[in-house]
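Next come the chains, spelled out residue by residue.
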Amino acid sequence: MTPVQPAVGCGAFILRDGCLLLIRRVKAPEAGCWGLPGGKVDLFETAAQAAMREVREEVGLELQPGPLLCVVDQIDRAAGTHWVAPVYRTGPVQGEPQLCEPHKHDGLGWFALNALPHPLTTATQVAVQAFNAQAE
């Protein structure tokens with residue numbers, strides 16, 4: 001069934017000591033790609049709350065949402081999907097992340113912004129570009 005409107009997602013841009021936390025997706029879309037923790041926004045949940053919930057569910061960290069970094073429009077006409085996803089910076093990281101959903105992710109790591117793994121999800125590419133543009 002083809003969607004009649006975009007879906008709403010979210011993401012978290014988590015930096016520690018100049019390195020970005022990424023997880024590798026197991027399933028489509030973008031299986032095998034490294035990306036930001038994030039996912040679907042539930043009904044009556046703010047996008048920022050959803051991003052922090054997804055961080056907790058995916059990597060076990062309790063974080064506070066920071067400022068909005070960017071909004072990603074991920075449109076794949078061939079697949080019939082369109083996601084709109086705000087990406088938030090986060091507050092300070094305390095604790096160590098872990099893979100909490102191994103059926104969804106098979107890799108986790110901190111990566112220097114100038115040495116990111118490949119391939120990256122579309123949302124991650126857009127968020128890194130937005131972060132770099134703000135840093136200039």
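Quick summary incoming for the structure in this document. (Residues numbered from 1 in each chain as written. Predicted model: local features only at pLDDT ≥ 70, side-chain atom pairs only at ≥ 80, totals over all residues. Heavy atoms only, no water.)

The probe, sized like a water molecule, is rolled over the atoms to show the empty space still left. As a volume, the largest pocket reaches approximately 760 Å³. Surrounding the largest pocket, 30 residues form its lining, R25, P29, G38, G39 and W83 being those nearest its centre. Among the residues forming the lining of the largest pocket, the class breakdown is twelve nonpolar, ten polar and eight charged. (1 Å grid on protein atoms, 1.4 Å probe; cavity = no way out; pocket = protein on both sides within 12 Å on 5 of 7 lines; lining within 4 Å. Points joined across faces, edges and corners; volume = space filled by probe spheres on them. Nonpolar A, V, L, I, M, F, W, Y, C, P; charged D, E, K, R; others polar.)

The strand order across the open sheet formed by four strands is 5-1-7-6, and the pairing between neighbours is mixed. Two strands bound the open sheet, and with one partner strand each, they are strand 5 (38–40) and strand 6 (65–76). Taken pair by pair, the neighbouring strands of this sheet meet at an average axis angle of 20 degrees, ignoring direction. Across three bridges, strand 1 (residues 7–13) lies against strand 5 in antiparallel orientation. Bridged to G9 within strand 5 is K40. Each of strand 1, strand 5, strand 6 and strand 7 (81–90) touches helix 1 (residues 47–59); the most contacted strand, strand 1, lies at about 65 degrees to it. (Pairing = 2+ DSSP bridges. Helix = DSSP H or I, 4+ residues; strand = E, 2+ residues; numbered from the N terminus. Axes fitted to C-alpha atoms, helices over the stretch in contact; angles between N-to-C directions. Contact = heavy atoms within 4.5 Å.)

Turning our attention to the pattern of salt bridges. Applying the stated criterion across every chain yields a total of nine salt bridges. Among the salt bridges present, the one from R16 reaches E96, with a minimum N-O distance of 3.1 Å. Taken together, the residues R16 in strand 2 (residues 15–16) and E96 in the loop between strand 7 and strand 8 (105–112) connect sequence positions 80 residues apart. With relative accessibility at 22%, the residue R16 sits in the partly exposed group. The residue R53 makes a salt bridge to E45 at a minimum N-O spacing of 2.7 Å. A relative accessible area of 12% places R53 in the buried class. Judged by relative accessible area, E45 falls into the buried class, the value being 19%. (Salt bridge = Lys/Arg side-chain N within 4 Å of Asp/Glu carboxyl O. Buried < 20%, exposed > 50% of the residue type's maximum accessible area, 1.4 Å probe, protein only.)

The next thing to look at is helix 2 (residues 122–135). Across its 14 residues, helix 2 extends 20 Å between first and last C-alpha, which sits within 8% of the 20 Å expected from 1.5 Å per residue. Of the residues making up helix 2, those classed as buried are A123, T124, A127, V128, A130 and F131. Looking straight down helix 2, one finds that the buried residues subtend no more than 160 degrees of arc, so they occupy a single side. Here the buried face of helix 2 lies against strand 1, strand 2, strand 3 (19–25), strand 4 (34–35), strand 6 and strand 7. (Expected span 1.5 Å × (residues − 1). Arc of directions from axis to C-beta.)

The subject of this paragraph is the packing of aromatic side chains. Scanning the entire structure with this criterion turns up two aromatic pairs. Considering the side-chain rings of W34 and F111, the 5.1 Å spacing of their centres and the 70 degrees angle between planes classify their relative orientation as edge-to-face. Remark: F111 occurs in strand 8 and W34 occurs in strand 4; sequence separation between them is 77 residues. (Phe/Tyr/Trp six-rings, centres within 6.5 Å; stacked < 30°, edge-to-face > 60°.)

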